[in-house]
Amino acid sequence: MSHVPGIAVIGCGRISRSHLSAVSSQPELATLIATVDSDLRLAQEAAARYGAQVALDSVEQALARSDIDAVVICLPNHLHAPVAIQAARAGKHILVEKPMADTAGDAREMAAAAHEHCVILAVAQCRRHFRAIRYLSDHHAQFGRLISAQVSLGVYWPDAQAEWWREADKASGLVVALNGPHALDFVQMMMRDDPLRVHAEAVRNNDFWAGEDEAMMLLAYPGGRLASVHLSFNQRPVENRKVLVFERGTAVVEHDTQLTFNGDLLVAQGDDEKRHYLDEAIEFQRQFREFALAMAGQPNHSVSADEGIRLMRTLDAVHQAFRSGETVALPGVVKDAQSADAVP
Ligand SMILES: NC(=O)c1ccc[n+]([C@@H]2O[C@H](COP(=O)([O-])OP(=O)(O)OC[C@H]3O[C@@H](n4cnc5c(N)ncnc54)[C@H](O)[C@@H]3O)[C@@H](O)[C@H]2O)c1
């Protein structure tokens, strides 16, 4: 790589530590130029800890700098689209935290801005960068046809973990927007397709936030394949389990890091994968390496804007399904439903 890109991490809250560590620990890939937060104290603390050259309290200041080539957006959900579009117009490459945007429409505008200004737009789906998940993505053909996927992602939050979680318009709802992208990105990756129909129910059990904190969804895919997803902010102990029924047997992924097939261990959790995702986790280092490869025009495993838009379409359908109480058929793939989704 001839030019080592300069990076600004925008938003220095909970998730930023893993991104900051990913950038600053790989100096051959990038230089951490700036930390940015509207709370300047947070930006300064992050700059001191991770060795950024400057701490800034405005996005505009960062985007005006010519030594910054790319931004990592770690802002509350509702700011992803406007700041990504601003960054694209300033000619900066973008790695944006999940969810990519509030809606698929916003995600499309982000992608259009990135395309127009010839910059990379990648979505941070950190869980794709665990070894077990990468193994499944690369080797699943050996298990035969995928018949169904069941994903459970349950955590316990006794209160909002950031103030913006309390407001549904800042958190794009709640659990569906925050943990839905983790679960549904996995399903999308394994199905290598978009759902034809989405059924969903979601409820709120706690009044310290306005959005939904428990959700269940059922998705029908072309070829008669099915997926179920359970998301909870009320579950303890934590559950993070994926069960994939294939023609030749069943794959089970625990905590994204351990993979078995018909009970045989295929991928064990690595010692380097034991850190919490909010605390300088290894999968973020791998994710940033893929983003750096994308910026250098080399083959990479970044989650592309197109994949991000597809995921946002599914998330929109989930929101629509539980708000309306109706099954939602996805626009654009409905026509295939008559031919492709019949149970064989
Ligand atoms: N990949 C994961 O596993 C994971 C985990 C947690 C959060 N996230 C995502 O990361 C994003 C941030 O979440 P978080 O938990 O770190 O939130 P947070 O509230 O802890 O951090 C957000 C930071 O943005 C700053 N900020 C807000 N508005 C700003 C503005 N206009 N300009 C500059 N700074 C501003 C806030 O001061 C705060 O420090 C969310 O989109 C969330 O979905 C991803």
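Quick caveat, the model's predicted, so the values are computed rather than measured. Once a new chain begins, its residue numbering starts again from 1 and follows that chain's sequence as written. Only residues with pLDDT of 70 or above have their local features reported here, since the model is predicted, and side-chain atom pairs are shown and tallied only from 80 upward, although totals for entire chains, interfaces and linings are computed over all residues. Values reported for side chains reflect all heavy atoms of the structure, with hydrogen atoms and water molecules removed beforehand.

A.B. asks: Summarise the site of the ligand; cite the residues concerned and give the values.
C.D. replies: The criterion for a residue being near a molecule or strand is simple. One of its heavy atoms has to lie within 4 Å of it. What surrounds the ligand is a group of 25 residues, the closest being R14, D37, N77, H80 and W164. A distance of 3.1 Å is found between a nitrogen atom of the ligand and a backbone nitrogen or oxygen belonging to S38. We define a polar contact as two N or O atoms separated by no more than 3.5 Å, with the added condition that, inside protein, one atom must be a possible hydrogen donor and the other a possible acceptor, whereas residues neighbouring each other in sequence contribute only through side-chain atom pairs. With respect to the ligand, the side chain of E97 contributes an N or O atom lying 3.2 Å from a nitrogen atom. Here the Shrake-Rupley method, with its probe set to 1.4 Å, supplies the accessible areas, and only the displayed protein chains count as covering residues. Isolated, the ligand exposes 850 Å² of accessible area, and the fraction of that covered by the protein chains is 85%. Domains are outlined according to an automatic or database domain assignment. A domain-level breakdown of the shell around the ligand finds at least three residues from each of domain 1 (6-126) and domain 2 (127-272 + 305-340).

A.B. asks: Now, about the side chain of N206: what can you tell me, with residues and values included?
C.D. replies: Within the element layout of this structure, N206 appears in the loop between β8 (197-203) and β9 (214-221). Here D213 takes part through its side chain, which lies 3.0 Å from a polar atom of the side chain of N206. Beyond its immediate chain neighbours, meaning those up to four positions away, N206 contacts D213 and N234. Strands are runs of DSSP state E lasting at least two residues, helices are runs of H or I lasting at least four, and both sets are numbered from the N terminus onward. Whether two residues are in contact is decided by their heavy atoms, any of which lying within 4.5 Å being enough.

A.B. asks: Any details on the sheet that holds strand β1 (residues 6-10)? Residues and values, ideally.
C.D. replies: Pairing is mixed across the open sheet formed by seven strands, whose spatial order is β3-β2-β1-β4-β5-β6-β15. Looking at the sheet topology across the chains shown, the edges are occupied by β3 (54-56) and β15 (303-304). Pairing between strands requires that DSSP locate at least two bridges from one strand to the other. For strand β6 (residues 121-124) and β15, the ladder comprises two bridges, and the chain directions are antiparallel. Counted as the bridge partner of V123 is V303 from β15. Axis lines are fitted to C-alpha atoms, over the contacting stretch for helices. Their N-to-C directions set the angle, which ranges from 0 to 180 degrees. Across the sheet, helix α2 (residues 40-50) touches β2 (31-36) and β3, and the angle it forms with β3 is around 160 degrees.

A.B. asks: Explain the domain arrangement of the protein chain to me, using residue names and the numbers behind them.
C.D. replies: Domain boundaries in the protein chain define domain 1 (6-126) and domain 2 (127-272 + 305-340). Centre-to-centre separation of domain 1 and domain 2, based on C-alpha positions: 26 Å. Between domain 1 and domain 2, the contact holds 18 residues from the first and 24 residues from the second. In this description, buried area is defined as the sum, over both parts, of the accessible area (probe of 1.4 Å) that is lost when the two are combined. Together, the buried faces of domain 1 and domain 2 total about 1800 Å²; carbon and sulfur atoms form 60% of this surface. The largest per-residue losses of area from domain 1 upon contact with domain 2 belong to R14, Q125 and C126, which jointly make up 33% of the total buried on that side. Take a side-chain nitrogen of Lys or Arg and a carboxyl oxygen of Asp or Glu: if they are within 4 Å of each other, that pair is a salt bridge. The interface formed by domain 1 and domain 2 holds zero salt bridges in total. Joining domain 1 to domain 2, the criterion identifies eleven residue pairs in polar contact (both at pLDDT 80 or more). Elements represented by at least two residues in the side of domain 1 that touches domain 2 include exactly α5 (104-116) and β6.

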